[in-house]
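In case you want the letters, here they are:
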Amino acid sequence: MDNPKVLVLGGGFAGVEAAIYLKKQDLDVTLVSDRDYFYIYPTSIWIPTGKATREDVSVPLDKLAMKHGFQLIIDPVIQVEAEDKKVTLESGRILEGYTYIVVALGQDKMQLKGMEHALSICGKPEEATALYERLDILIEKNEGKIAMGFGGNPKDTSAVRGGPAFEVLFNVDTYLKKKGVRENFELTFFAPMAKPGQKMGEKALVMMDKMFKMTNISKKVGTKITHFEEDGICFADETKLESDLTMFISAGTGHHILTESGLPLSDAGFVVTNEYNEIEGFDGVYAIGDSASLMGPEWRAKQGHVAEVMAKNVAYNIMNRIQNIDSKKSYMEHLNILCVMDTGNGAAFVYRSEKGGKMIPMPIVGHWMKKMWGWYCRYSKLGKIPRLPGM
């Protein structure tokens with residue numbers, strides 16, 4: 001029997017992990033990505049304060065491909081025809097003849113009017129660098145109003161990236177204090193929901209409020225954002241939050257390429273799968289990471305570690321299927337919120353499961369833990385250090 005061919009679409013956390021683990025099974029694996037590097041979003045939070053560069057948080061995909069032995073194509077996907085297992089790339093190249101396809105294209109961002117006036121830490125990598133440059137200009141002026149926040153998707157509460165907004169905000173606060181200019185700046189957090197960060201649990205919300213008071217960061221929450229302007233954010237209550245520098249992490253929505261794919265999609269545009277990331281009616285096609293509609297409780301959230309669990313599971317499930325072994329792994333037992341929320345001079349350990357949530361302050365050591373995780377993420381993927389069990 002010929003070695004089954006697997007096509008992985010996407011070079012983010014889910015796609016890279018899937019390609020690595022599928023190759024461990026000695027399968028013929030090809031990964032397609034629209035950029036030539038794997039970007040470690042959780043550590044990009046230090047780019048706006050100059051503590052990291054884009055190069056520091058990027059791993060060249062060709063190095064990963066050479067180390068693990070998968071084939072690599074750098075060429076954006078422009079069409080997926082799931083039923084025929086046919087993929088068209090921007091160059092016009094058509095990929096077909098694959099036994100399995102793993103969709104890990106990520107997600108799009110919800111668009112609000114005037115969003116060109118805001119920068120995101122979870123958008124294009126160059127936006128993080130632009131945040132650093134814009135912040136530097138304000139520091140040169142020695143004063144300014146800075147507003148940072150995130151939005152939600154009413155159709156899918158899991159597609160929210162709140163943690164990085166808090167992290168960049170607290171890092172900027174720490175950075176301005178180190179520069180000795182914090183008192184010259186107004187820092188404001190904004191979000192349309194009444195209790196942003198609620199997914200972390202009630203105890204974490206209480207602690208977040210304390211952190212805002214301690215750092216003298218204002219809040220504008222609970223009012224719908226109507227649009228952005230060059231000098232601020234406008235809300236449905238007809239108020240305007242003035243801002244010289246706005247960072248906004250828009251909520252996720254389904255990837256536009258998948259709209260015409262023929263795959264079953266949720267109301268928010270994410271691929272509907274079962275707990276094994278299989279898609280009903282599409283034999284040999286899987287969806288993982290941000291592309292997949294996440295099952296589970298109301299507080300669930302799309303996170304990198306869940307995407308990686310899905311990727312490893314799919315590699316396991318495909319290999320067992322090839323060998324006619326009736327055993328599959330589900331991602332459901334791994335549904336938790338887990339992050340080290342960095343503040344630039346410390347961190348808070350956040351954990352949420354079905355048993356509730358906790359937030360543990362980790363002054364100084366927490367910051368270095370997050371730094372170490374970034375180092376581990378890069379060098380373990382490159383095979384320079386061993387992978388730790390469960391990570």
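Look above for the structure.
What this report covers is the structure whose coordinates are included nearby. Residue indices follow the written sequence of each chain, beginning from 1 at its first position. Note on the predicted model: pLDDT of at least 70 is required for a residue's local features to be given, and 80 or more for side-chain atom pairs to be given and counted; whole-chain, interface and lining totals, by contrast, use all residues. Working from all heavy atoms in the structure, the side-chain values ignore hydrogens and water.

### What to know about the environment of E90
In step 1: Helix and strand definitions here come from DSSP, where helices need a minimum of 4 consecutive H or I residues and strands a minimum of 2 consecutive E residues; each element is numbered from the N-terminal end. Note that E90 resides in the loop between strand 7 (86-89) and strand 8 (94-95).
In step 2: Note: C-alpha distance between E90 and K24 (66 residues apart in sequence) is 29 Å.
In step 3: Apart from residues no more than four positions distant in its own chain, E90 is found in contact with D75, P76 and I78. In what follows, residue pairs with any heavy atoms lying within 4.5 Å of each other are defined as contacts.

### Digging into the packing of aromatic side chains
Aromatic rings considered in pairs are described by the distance between their centres and by the relative angle of their planes.
In step 1: Note on ring pairs: Phe, Tyr and Trp rings are taken, using the six-membered ring of Trp, and paired if centres are within 6.5 Å. Classes follow the plane angle, with under 30 degrees stacked, over 60 edge-to-face and the rest tilted. In the structure shown here, the tally under the stated rule is 15 aromatic pairs.
In step 2: Ring geometry for F150 against F166: centres 5.7 Å apart, planes inclined by 85°, an arrangement best described as edge-to-face. Remark: F166 occurs in helix 4 (residues 163-179) and F150 occurs in strand 11 (residues 144-150); sequence separation between them is 16 residues.
In step 3: For the ring pair F166 and F212, a centre distance of 6.2 Å and an interplane angle of 65° mean the geometry is edge-to-face. Taken as a pair, F166 in helix 4 and F212 in helix 5 (residues 202-214) lie far apart in primary sequence, 46 residues in all.
In step 4: Residue F166 is classed as buried on the basis of its relative accessible area, which comes to 3%.
In step 5: An aromatic cluster is present here, built from F150, F166, F170, F189 and F212 joined pairwise through their rings.
In step 6: The residue whose ring lies beneath K24 is Y21, and the NZ or CZ to ring-centre distance is 5.3 Å. Buried means the residue's accessible area, taken with a 1.4 Å probe over protein chains only, is under 20% of the maximum for its type, while exposed means over 50%, and partly exposed covers the values in between. A ring has a charge above it when a Lys NZ or an Arg CZ is no more than 6 Å from the ring centre and no more than 35 degrees off the ring normal.

### Considering the layout of surface pockets
In step 1: Approximately 360 Å³ is the volume attributed to the second largest pocket.
In step 2: The rule is simple: put a 1 Å grid over the protein atoms alone, call a set of points where a 1.4 Å probe fits but cannot get out a cavity, call an open set with protein on both sides within 12 Å along at least five of seven lines a pocket, and count a residue as lining if it has an atom within 4 Å of a point. Taken together, 18 residues form the lining of the second largest pocket, with M211, M214, T343, N345 and A347 sitting closest to its centre.
In step 3: Polarity classes work like this: nonpolar for Ala, Val, Leu, Ile, Met, Phe, Trp, Tyr, Cys and Pro, charged for Asp, Glu, Lys and Arg, and polar for all others, with Gly in that last group. Class assignment of the residues belonging to the lining of the second largest pocket gives a composition of 10 nonpolar, five polar and three charged. Grid points are joined across faces, edges and corners, and a volume is the space filled by probe spheres set on the points.

### A few points about helix 1 (residues 13-24)
Along an α-helix, residues three or four apart share an orientation, since each turn contains 3.6 residues.
In step 1: To estimate how far a helix should reach, multiply one less than its number of residues by 1.5 Å. Given a rise of 1.5 Å per residue, 12 residues ought to cover 16 Å, and the 17 Å separating the end C-alpha atoms of helix 1 matches this to within 8%.
In step 2: Taken across its 12 residues, helix 1 has 10 buried, putting it largely inside the fold.
In step 3: Those residues of helix 1 that fall on the buried side of the exposure criterion are F13, A14, G15, V16, E17, A18, A19, I20, Y21 and L22.

### Some details on the sheet that holds strand 7
In step 1: The pairing criterion is simple: DSSP has to find at least two bridges between the two strands. Strand order in the open sheet made by the three strands is 6-7-8, with antiparallel pairing throughout. Both edges of this open sheet fall to strand 6 (77-81) and strand 8, since each of them pairs with a single strand only.
In step 2: As judged from the four bridges shared by strand 6 and strand 7, these two strands associate in the antiparallel manner. Considered in strand 7, the bridge of V77 is made with L89.

### Describing the sheet that holds strand 15 (residues 232-235)
In step 1: In space, the three strands of this open sheet follow the order 14-15-16, with antiparallel pairing throughout. Across the chains shown, the open sheet's two edge strands, defined by having one partner strand only, are strand 14 (225-229) and strand 16 (240-242). Averaged over all neighbouring strand pairs, the angle between strand axes comes to 20°, with direction disregarded.
In step 2: Across three bridges, strand 15 lies against strand 16 in antiparallel orientation. Counted as the bridge partner of C234 is K240 from strand 16. Only the stretch in contact is used when a helix axis is fitted, and all axes are lines through C-alpha atoms; the angle between N-to-C directions ranges over 0 to 180 degrees.

### Topic: the nonpolar core
In step 1: In terms of nonpolar packing, the biggest core is built from 85 residues, with L22, F38, V102, I146, F166, M208 and I288 touching the most fellow members.
In step 2: Take this core: its biggest share by element is nine residues, from helix 6 (residues 304-322).
In step 3: Apart from the residues lying within four places of it in its own chain, the contact partners of M208 are F166, F170, M200, M341 and M359.
In step 4: In this text, buried Ala, Val, Leu, Ile, Met, Phe, Trp, Tyr and Cys residues form a nonpolar core when linked through side-chain atoms within 4.5 Å. Membership of the second largest hydrophobic core comes to 23 residues, among which are L7, L9, V80 and I257.

### Some words on the pattern of salt bridges
In step 1: Basic side-chain nitrogens of Lys or Arg form a salt bridge, by our definition, when they fall within 4 Å of a carboxyl oxygen of Asp or Glu. Evaluated as defined, the whole model comprises 17 salt bridges.
In step 2: Residue E242 is joined to K145 by a salt bridge in which the shortest nitrogen-to-oxygen separation is 2.9 Å. Remark: K145 occurs in strand 11 and E242 occurs in strand 16; sequence separation between them is 97 residues.
In step 3: Here E242 falls in the partly exposed class, since its relative accessible area comes to 47%.
In step 4: Taking relative accessible area as the criterion, K145 reaches 27% and is therefore assigned partly exposed.
In step 5: Ionic pairing is found between D173 and R182, a salt bridge with its closest N-O pair at 2.6 Å. Summarising the burial analysis for this pair, D173 and R182 share the class buried.

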